[in-house]
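# A look at the structure
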Number of protein chains: 2
Amino acid sequence: MEKIRVELGERSYDITIGNKILSRLEREAGRTLLVTDSTVKKLYAREIASALGTEHVFSFPAGESSKRPETSLDICRTAARLNFDRKCRFAAAGGGVTGDLTGFAAAIYMRGIEFIQIPTTLLAAVDSSVGGKTGADIPEGKNLIGAFHQPSAVVIDTAFLATLPPAELKNGLAEIVKTAVILDGQLFEQLERDPESLFQKPDFEKTYPQIIRRCCELKGMIVSEDECEKGRRAILNYGHTFGHAVELLSDYTLPHGQAVAAGMAAAGELAVMLGVWSKECVRRQKALLNMLELPVKIPGKYNTCDLVAAMRRDKKNLNGRTRVVLCSDIGCAQLPVEADEKDLTEAWERIR
Amino acid sequence: MEKIRVELGERSYDITIGNKILSRLEREAGRTLLVTDSTVKKLYAREIASALGTEHVFSFPAGESSKRPETSLDICRTAARLNFDRKCRFAAAGGGVTGDLTGFAAAIYMRGIEFIQIPTTLLAAVDSSVGGKTGADIPEGKNLIGAFHQPSAVVIDTAFLATLPPAELKNGLAEIVKTAVILDGQLFEQLERDPESLFQKPDFEKTYPQIIRRCCELKGMIVSEDECEKGRRAILNYGHTFGHAVELLSDYTLPHGQAVAAGMAAAGELAVMLGVWSKECVRRQKALLNMLELPVKIPGKYNTCDLVAAMRRDKKNLNGRTRVVLCSDIGCAQLPVEADEKDLTEAWERIR
């Protein structure tokens, strides 16, 4: 069991990582409402509720279609009926949707209460559970509703990964590759050396605690510097401006990891075109994504014009101009730059 | 036209106060969605939209029944359909409901955008437009959903007060008395000297800018010290723990100012019973409330047990204990203290 501290101005919180650690946690004072989706509820709700010492469980139907502000309001209404006061807390056990909805509920219940993240997917462990971004979708767009609200603790038990379907595992791997490409050349080399171990269940408890720890550490540092994404935190969007466009055109049927992988491939091509990244870097990024069975071509038959138009709608853009993150080396991202439509078109064409 | 600066850690914002100042404001860059209720829309929407240089107006039916999170979500959805990005802003023109709903929408749209408060009621001018508390009601309780989100500017034009019904004016006066009792003995004396001027429309532009300025200055100082109500900010709840109980039992048909006035009367009695306030202070508070035609007895036929039980449900309580703010002088409030039910019962009985 290892701990990382994330410092945020005057506050801080711990991320605890290990295999089969949940039952060994110290129980905190105060009442807890455990939030899960229907899938995690079946597999783990009893075990997690018992570890947290609570009998209050709220669950919602698994899937992206639950990621609406109304679900967060339902969490709050449940808490209100249980007479939860400002010292009570929510605990999110699940993937990104559960974490986002529960975090958002914690951000708005009585103007903000504490919440704990207990990610059960690899993607949530390395990405959404750290950083304090919470939110929900409205018919007009993804994540348009939300708040920055940091967890009071994150507990990552790699034992949960054993029940994860391969497609879910790959969603997490895409974010791990992204973290390595933008921030840590050594982590990238480690992934290159032994990609098979990332898929072998018997290796999980050896492989993942260390990789997840490193990803959380790196993300924690970026978030500490720039909690509300005014500056450098934007580099975490590497591959995402391109990726979101494919996700949008697929009507969000494409898994996030596949979209991000293709997005990184496109960002890599653009970086080479603009002379900031070497061909060797692009080749290594592509080879690693390939070994992890992640796409390096546009996953689906989408028109390039539509992809470029979809990028224009990204909420990180300002004044209608598309901004993308590019790297100058493996392990080194630059701040977002404005990209013109001709170059974006060419980048997409290169991975067609 | 006068300006007060409210400092909040690294951020700050200005409150601009004066008579007929709206048309003289400098227009800021960036797009604005003006939010009003149906009443203010009829009276002032065109004038305010023109002063803000926007043509985008969202309005909702006037009244407390609109104060639901769904209304804030509608504001966000309207902004999304207008392709508002993170640099756009909302402007709330109206009373407390409009400010609370618009501020909450600004807190959750794209994880937080700027908003401007343009209070058109006296209550909003002296109270809700400063402080950054935003929120909405759910069937389980008032203001159980919300966020701390500070405005980027507050513009108080006392010209709006001319169209205010007397009952609305008195809602604001109750908060002004509260501010004086807890923080400013001189302001209290000023109110005692010439209460009539507070009701004479020809006097409004002489009387109110100065009183509103002082109330905003005082509230601004308290909020600067304690933005998220961890400590001293709680003194602003003077009269409110008692007052909320009457409001709740009246099913929120009782105007807020009447509830707060009766609440201050009860808090005054409790303070005398506990030996912290002199009888002379209670007498002066009662006399001033009387002169302002505000109640100093329980307004309605409510059972004392029910009132005490309703106080127990206040969201400022912790661990099920009722906490109330008492004063030790006119102009000097103490931090909240736990009160036992016997004393609360006696305090209510004394103003029956």
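Residue numbers here run from 1 along each chain, matching the order of that chain's written sequence. The order in which chains are written sets their letters, starting at A; the order in which ligands are written sets their numbers, starting at 1. Thresholds applied to this predicted model are a pLDDT of at least 70 for local features of residues and 80 or more for the giving and counting of side-chain atom pairs; totals over whole chains, interfaces and linings are not thresholded and use all residues. With hydrogens and water stripped out, all remaining heavy atoms of the structure feed into the side-chain values.

### Side note on the overall build of chain A
When helices and strands are counted, chain A shows 12 helices and 13 strands. Seen along its three principal axes, the alpha-carbon backbone of chain A occupies a region of about 55 × 45 × 40 Å. With a 1.4 Å probe rolled over the protein chains alone, any residue whose accessible area is under 20% of its type maximum counts as buried; one over 50% counts as exposed, and the rest are partly exposed. Expressed as a percentage of the 352 residues in chain A, the buried residues total 62%. When the accessible area of chain A is evaluated, it comes to approximately 14200 Å², of which 47% is carbon and sulfur surface. Measuring between centres, the 46 positive side-chain charges of chain A sit 3 Å from its 47 negative side-chain charges. Segments assigned H or I by DSSP are reported as helices when at least four residues long, segments assigned E as strands when at least two residues long, and all are numbered from the N terminus. Using a 1.4 Å probe, the Shrake-Rupley method yields the accessible areas, and only the shown protein chains count as cover for residues. All tallies of charge rest on Lys and Arg as positive and Asp and Glu as negative; His and the ends of each chain are not included. Lysine's charge is taken at NZ, arginine's at CZ, aspartate's at CG and glutamate's at CD.

### Structural notes on the environment of Leu34 of chain B
Residue and element names in this part refer to chain B. Along the chain, Leu34 falls in strand S3 (residues 32-37). By relative accessible area, Leu34 is classed as buried at 0%. Here the alpha-carbon distance between Leu34 and Ile118, two residues 84 residues apart in the chain, equals 9.9 Å. Beyond its immediate stretch of four places on either side in the chain, Leu34 contacts Ala45, Ile48, Ala49, Leu52, Thr54, His56, Val57, Phe58, Ala91 and Ala93. Contact between two residues is taken to exist if any of their heavy atoms lie within 4.5 Å; hydrogens are not considered.

### Let's talk about the interface of chain A and chain B
Taken together, the contacts link 33 residues of chain A with 33 residues of chain B. The salt bridge definition used is simple: a Lys or Arg side-chain nitrogen within 4 Å of an Asp or Glu carboxyl oxygen. Taken together, the links from chain A to chain B amount to 6 salt bridges. For Arg77 of chain B, the salt bridge is made with Glu140 of chain A, and the minimal N-O distance between the two is 2.9 Å. Identification of polar contacts relies on pairs of N or O atoms within 3.5 Å, with a donor-acceptor requirement for protein atoms, meaning one able to donate a hydrogen and the other able to accept it, and with residues adjacent in sequence counted only if both atoms are side-chain atoms. Between the two partners, chain A and chain B, sit 10 residue pairs in polar contact (both at pLDDT 80 or more). Per-element tally for the side of chain A that touches chain B: the top contributor is helix H2 (residues 69-81) of chain A, with 7 residues. Under the convention adopted here, Pro, Cys and the residues Ala, Val, Leu, Ile, Met, Phe, Trp and Tyr are nonpolar, Asp, Glu, Lys and Arg are charged, and Gly plus all remaining residues are polar. Here the residues of the side of chain A that touches chain B are counted per class, giving 16 nonpolar, 5 polar and 12 charged.

### Observations concerning the relation of the copies chain A and chain B
The two chain copies are connected by a rotation around an axis plus a translation along it. Overlaying chain A with chain B gives an RMSD of 0.0 Å, the required rotation being 180 degrees about an axis along which the chain moves by 0.0 Å. Read as a symmetry element, the transformation amounts to a two-fold axis. Of all interface residues in chain A, 100% are interface residues in chain B too; the two copies therefore contact each other through one and the same surface. Copy-to-copy superposition: least squares on the C-alpha atoms, limited to residues that have pLDDT of at least 70 in both copies.

### Points about the sheet that holds strand S4 (residues 56-60) of chain B
Residue and element names in this part refer to chain B. Pairing between two strands is assigned when DSSP locates at least 2 bridges connecting them. The 7 strands are arranged S1-S2-S9-S6-S5-S3-S4 in an open sheet whose pairing can be described as mixed. Since the sheet does not close on itself, it has two edges, and those belong to strand S1 (2-8) and S4, each with one partner. Strand after strand, the sheet turns through a mean of 20 degrees between neighbouring axes, direction not considered. Here an angle of 0 to 180 degrees is reported between the N-to-C directions of two axes, which are lines fitted to C-alpha atoms, with helices fitted over the stretch in contact. Taken strand by strand, helix H1 (residues 38-52) contacts S3, S4, strand S5 (89-94) and strand S6 (114-119), and its axis lies near 160 degrees from that of S3. The strands touched by helix H2 (residues 69-81) are S3, S4 and S5; relative to S4, the strand with the most contacts, the crossing angle is about 160 degrees.

### Side note on helix H6 (residues 185-193) of chain B
Residues and elements named next belong to chain B. What H6 keeps buried is the set Leu187, Phe188 and Leu191. In a view along the axis of H6, the buried residues occupy a sector of 105 degrees, so they form one face of it. Of the exposed residues in H6, those oriented more than 90 degrees away from the buried face are Gln186 and Arg193. In this fold, the buried residues of H6 make contact with helix H5 (166-183), helix H7 (204-225) and helix H10 (279-291). For this quantity, the arc is that covered by the directions from the helix axis to the C-beta atoms.

### So, helix H8 (residues 240-249) of chain B
Residues and elements named next belong to chain B. Where burial is concerned, most of H8 is hidden: 7 out of the 10 residues are buried. In this fold, the buried residues of H8 make contact with H5, helix H9 (256-273), helix H11 (304-312), strand S10 (323-324) and helix H12 (341-350). Directly beyond the C-terminal end of H8, a positive phi value near 60 degrees is found at Asp251.

### What to know about the sheet that holds strand S6 (residues 114-119) of chain A
Residue and element names in this part refer to chain A. Strands sit in the order S1-S2-S9-S6-S5-S3-S4 across an open sheet of 7 strands; the sheet is mixed. Strands with a single pairing partner mark the edges of an open sheet, and in this sheet they are strand S1 (2-8) and strand S4 (56-60). Averaged over all pairs of adjacent strands, the angle between their axes in this sheet comes to 20 degrees, without regard to strand direction. One ladder, built from 5 bridges, connects strand S3 (residues 32-37) with S4; its direction is parallel. Bridging from a neighbouring strand, Thr36 pairs with Ser59 of S4. In this fold H2 packs onto S3, S4 and strand S5 (89-94), with an angle of close to 160 degrees to the strand it touches most, S4. Docked against the sheet, helix H7 (residues 204-225) engages S1, strand S2 (11-18) and strand S9 (153-157), running at close to 10 degrees with respect to S1.

### Some remarks on the domain arrangement of chain A
Residue and element names in this part refer to chain A. Segmentation of the chain into domains, including their bounds, is taken from an automatic or database domain assignment. Partitioning chain A into structural domains gives domain 1 (2-163) and domain 2 (169-350). Here the C-alpha centroids of domain 1 and domain 2 sit 25 Å apart. In this complex, domain 1 contributes 27 residues to the contact, which on the side of domain 2 involves 30 residues. What gets called buried area is simply the loss in accessible area from a 1.4 Å probe that two parts show on being joined, summed for both. Taken together, both faces of the contact between domain 1 and domain 2 bury some 2500 Å²; the carbon and sulfur share is 67%.

### Comments concerning the environment of Cys215 of chain B
Residue and element names in this part refer to chain B. Counting through the fold element by element, Cys215 comes out in helix H7. Separated by 108 residues in sequence, Cys215 and Ala107 have C-alpha atoms that sit 25 Å apart. With sequence-adjacent residues up to four places away left out, Cys215 is seen in contact with Val126, Ile176, Thr179 and Leu187.

### Points about the pattern of salt bridges
Residue and element names in this part refer to chain A. Applying the stated criterion across every chain yields a total of 54 salt bridges over all chains. Between Arg214 and Glu217 there is a salt bridge, with the nearest N and O atoms lying 2.7 Å from each other. Linking Arg214 with Glu217, this pair stays in helix H7, spanning 3 residues, or about one helical turn. Look at Arg214 and you get partly exposed, because its relative accessible area is 24%. Taking the relative accessible area as the measure of exposure, Glu217 reaches 23% and is therefore partly exposed. Of the charged contacts in the structure, one is a salt bridge between Glu338 and Arg321, with a shortest N-O distance of 3.6 Å. A residue pair is termed long-range when its members are at least 10 positions apart, and Glu338 in strand S13 (residues 337-338) and Arg321 in the loop between helix H11 (304-312) and strand S10 (323-324) qualify at 17 residues. Exposure remark for Glu338: the relative accessible area of 48% places this residue in the partly exposed category.

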